[in-house]
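# Observations on chain architecture
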Amino acid sequence: MNRRYFLHLSVISAGYLLAGCEDRGATDKKQSQKPPEIDSDLEKLSPQVEKLAEDFIPFSQKLKIPSEINFPQASKPVFTAQKSEVNIFEDAKTEVLTFQGDLPNPTIRISKGDTFDLNLVNKLADPTIIHWHGLIVPEEMDGHPKDAIETNQIKHYHYSVNQNAGTYWYHTHPHGRTGEEIYHGLSGLYIVDNKDEESLNLPKDEFEIPLIIQDRRFDNKRQLLYKDPNFLQDHNGVMGDVILVNSTPLPFHEVKTGKYRLRILNASSVRTYKLAFDTIEKFLLIGTDAGLLEEPIIVDSVVLSVAERVDIIVDFKDKQVGDRVILKTLGFKEGTNMKMNANYPSFDAIMDIMQFHITEEFQDISVIPNNLAIIPRIKESEAIQTRTITMEIMAGGVWTLDKKPYDMHRIDQKVKLGTTEIWEIKNTVHMAHPFHIHGVLFQVLDRSGKINFPTDKGWKDTVLVMPNETVRVIMNFTVPGLFLYHCHILEHEDHAMMANFLVEG
Ligand code: C2O
Ligand code: CU
Ligand code: CU
């Protein structure tokens, strides 16, 4: 595996896109069996690189779909954080970290009102803890790094789920090692269902597909490479050249000529995706981090920063059996002008993510309703105060909030239980940061920047704050205890861009 190959791939497919649809069908059918036509650039590669390029054919591995652990049927499942060897690539074993021995980790699936119950066993060399990202749970269930368990210890999670249906996720959250652990595999999806959503008849079963997107780096033995000690820029965020979807590199998935609901999570370290399809112009955004929008929004691309989720409907009805559709990132150049590791594709890199193979005709008579959910707006007048949180980079390149590097034992904000507040998140640097708050779901009031994010219209737990932008969010604090707020670029949160708030009863 080599990085230049993937870089070139994205360049090729970008060119391909621009070239329009000259005889797509014919070339595409051949393509699943061999790499795309080599353009003149690729001929400059060394023979060794070409050899490696021959070893991996994009869109040749089938998308893995995570297994599901369904509550309440599941009886006390066990997650054992452990080292495992798995086939990310069909032809090699990669050393990773898993919860049940394989990747992708299972999806947790539970209905509103049901009780979640699970044991975490730590078989890692270091302390760890699981956080249920977006779930509103008691403090001791939230997975704060102070609650990390030692090697061989067990943590029992038990709480009831009482919130919107939505696409949430889980990941470990140990102090200073969250990035490394998620990078090596310790995350998964957590889907909450409820009755209201069922009556909407959204695409389900084979027509509902979870997609966990992560960019990764591999060495030529197909082992994961995390931070490169020779590149200080990796402190700004580790970006990779190989995109995995559900732990499968540049996969393909077979679909019919109908509508699909894609629940997409960005579980990368730093990369923000601007998701679009190469030959489908418009799709519907129907949901955000914590549930459905009030009504579908027609979009041609959607920006997804780390930890954010989107729920979209894509319709393959105009495609023919044999067609191919690529999901890609258009590159999010607005995200930063900071120097990142130049050996890997930058923020504005156009990259392929996966390919859909249309394999069957299907008369899809389903209709996506115009009214999806009711989102009661929290009124600004209800807020008893406004707090400002400032994103800073300090001397020595340390990422912080309010110039205070994270201290696990310091309380940075105190909030009154049962009250509403506005938090004004102020970004003072030339890099966009996804801001996440534990223990609440919030609504975006406004942002000072120019880009319009349709995802701002839904319930959120993570919001992207653009360079030199201020975003205002509003929320109710309903659970007492100590919780975190932080930048969700994993290297930034590990690198001190995190703080504690205490909700007092
Ligand atoms: Cu995904 Cu502290 O969170
Ligand atoms: Cu969280
Ligand atoms: Cu950050």
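Our structure's up above, just so we're on the same page.
Read on for an overview of the structure. (Residues numbered from 1 in each chain as written. Chains lettered and ligands numbered in written order. Predicted model: local features only at pLDDT ≥ 70, side-chain atom pairs only at ≥ 80, totals over all residues. Heavy atoms only, no water.)

What follows is about the side chain of Arg 271. Checked against the element boundaries, Arg 271 lands in the loop between strand S14 (259–266) and strand S15 (273–277). Contact partners of Arg 271, with chain neighbours within four places excluded, come to Asp 215, Met 239, Gly 240, Asn 266, Leu 304, Val 306, Pro 345, Ser 346, Phe 347, Ala 349 and Met 351. (Helix = DSSP H or I, 4+ residues; strand = E, 2+ residues; numbered from the N terminus. Contact = heavy atoms within 4.5 Å.)

What follows concerns the coordination of the copper ion (ligand 3). Taken together, the protein donors to the copper ion (ligand 3) comprise His 433 (ND1), Cys 487 (SG), His 492 (ND1) and Met 497 (SD), at separations of 1.9 to 2.8 Å. Taken together, the four donor atoms coordinating the copper ion (ligand 3) and their angles of 99 to 124° define a geometry best described as tetrahedral. All donors of the copper ion (ligand 3) belong to a single chain; written as a sequence motif, their spacing is H-x53-C-x4-H-x4-M. Of the two residues, Cys 487 is situated in strand S30 (residues 481–487) and Met 497 in the loop between helix H6 (490–494) and strand S31 (498–504); the sequence distance between them amounts to 10 residues. (Donors = N, O, S within 2.8 Å, 3.2 Å for Na, K, Ca; no water. Tetrahedral: all angles 85-135°; square planar, octahedral: opposite > 155°, others 65-115°.)

The seven strands are arranged S12-S11-S10-S14-S19-S16-S17 in an open sheet whose pairing can be described as mixed. Of all the strands in the sheet, the pair left with one neighbour each is strand S12 (248–249) and strand S17 (291–299). Here four bridges tie strand S10 (residues 208–216) to strand S11 (residues 242–245), and the two strands are oriented antiparallel to one another. Pairing of Arg 216 across the sheet is with Val 242, part of S11. (Pairing = 2+ DSSP bridges.)

Pairing is mixed in the open sheet, where five strands are placed in the order S13-S21-S20-S15-S18. Of all strands in the sheet, those bounded by a partner on one side alone are strand S13 (252–256) and strand S18 (302–304). Recorded for the sheet is a direction-independent mean angle of 30° between the axes of neighbouring strands. (Axes fitted to C-alpha atoms, helices over the stretch in contact; angles between N-to-C directions.)

Let us now look at the coordination of the copper ion (ligand 2). Coordination of the copper ion (ligand 2) by the protein involves His 131 (NE2) and His 436 (NE2), with metal-donor separations of 1.8 to 1.9 Å. In this pair, His 131 is assigned in strand S6 (residues 130–133) and His 436 in strand S26 (residues 433–437), connecting sequence segments 305 residues apart. Residue classification places His 436 among the buried positions, given a relative accessible area of 1%. (Buried < 20%, exposed > 50% of the residue type's maximum accessible area, 1.4 Å probe, protein only.)

Membership of the largest hydrophobic core comes to 35 residues, with the highest contact counts inside it found for Phe 79, Phe 116, Trp 132, Tyr 157, Tyr 159 and Tyr 190. Secondary-structure elements contributing two or more residues to this core are strand S2 (78–86), strand S4 (107–111), strand S5 (115–122), S6, strand S7 (154–160), strand S8 (166–172) and strand S9 (187–193). Sorting elements by how many residues they give to this core places S5 first, with three residues. If we skip the residues at most four places from it in the chain, Tyr 159 touches Asp 114, Thr 115, Phe 116, Trp 132, Leu 135, Val 137, Pro 138, Met 141 and Tyr 190. Counting 34 residues, the second-largest nonpolar core is a separate cluster that includes Ile 209, Ile 213, Leu 304 and Phe 356. (Core = buried A, V, L, I, M, F, W, Y, C linked by side-chain atoms within 4.5 Å.)

Following the sequence through the fold, His 433 ends up in strand S26. Through-space distance from the C-alpha of His 433 to that of Cys 487 is 6.0 Å; in sequence the pair is 54 residues apart. Apart from the residues lying within four places of it in its own chain, the contact partners of His 433 are Met 391, Trp 399, Asn 427, Val 463, Leu 464, Val 465, Cys 487, Ile 489, His 492 and Met 497.

The next point concerns the packing of aromatic side chains. Summed over all chains, the structure comprises 27 aromatic pairs. Geometrically, the ring pair formed by Phe 116 and Tyr 190 is tilted, given 5.5 Å between the ring centres and 45° between the ring planes. You can see Phe 116 sitting in strand S5 and its partner Tyr 190 sitting in strand S9, a full 74 residues away along the chain. Phe 116 sits in the buried class, given a relative accessible area of 0%. Residue Tyr 190 is classed as buried on the basis of its relative accessible area of 0%. Every member of this aromatic cluster is reached through a ring pair, and the members are Phe 71, Phe 79, Phe 99, Phe 116, Trp 132, Tyr 157, Tyr 159, Tyr 170 and Tyr 190. (Phe/Tyr/Trp six-rings, centres within 6.5 Å; stacked < 30°, edge-to-face > 60°.)

As enumerated under the stated definition, the model contains 37 salt bridges in all. The shortest N-O distance in the salt bridge between Glu 181 and Arg 177 comes to 4.0 Å. Notably, a salt bridge pairs Lys 259 with Asp 364, separated by 3.8 Å at the nearest N-O pair. Of this pair, Lys 259 sits in strand S14 while Asp 364 sits in the loop between strand S21 (351–360) and strand S22 (383–394), and the two are 105 residues apart along the sequence. Through salt bridges with shared partners, one network takes in Glu 68, Arg 109, Asp 193, Glu 197, Glu 208, Arg 261, Arg 263 and Asp 311. (Salt bridge = Lys/Arg side-chain N within 4 Å of Asp/Glu carboxyl O.)

The two faces of a sheet get side chains in turn, since along a regular strand they alternate between them. Taken together, the four bridges between S22 and strand S23 (residues 398–401) define a ladder with antiparallel strand orientation. Each residue of the ladder has a partner; that of Glu 392, found in S23, is Thr 400. The loop that links S22 with its antiparallel partner S23 comprises three residues; one of these, Gly 396, has a positive phi angle of about 85°.

Here we come to unusual backbone geometry. The omega angle of the peptide bond from Phe 71 to Pro 72 is 5°, so this bond is cis rather than trans. The residue after Leu 103, namely Pro 104, is reached through a cis peptide bond having omega 0°. Relative to the helices and strands, Pro 104 is located in the loop between strand S3 (94–98) and S4. Non-glycine residue Asn 152 carries a positive phi angle of around 75°. Considering the arrangement of structural elements, one finds Asn 152 in the loop between S6 and S7. A positive phi angle is found at Asn 201, which is not glycine, with a value near 55°. Mapping Asn 201 onto the fold places it in the loop between helix H5 (195–198) and S10. Since its relative accessible area comes to 57%, Asn 201 is described here as exposed.

Geometry only, nothing functional implied.
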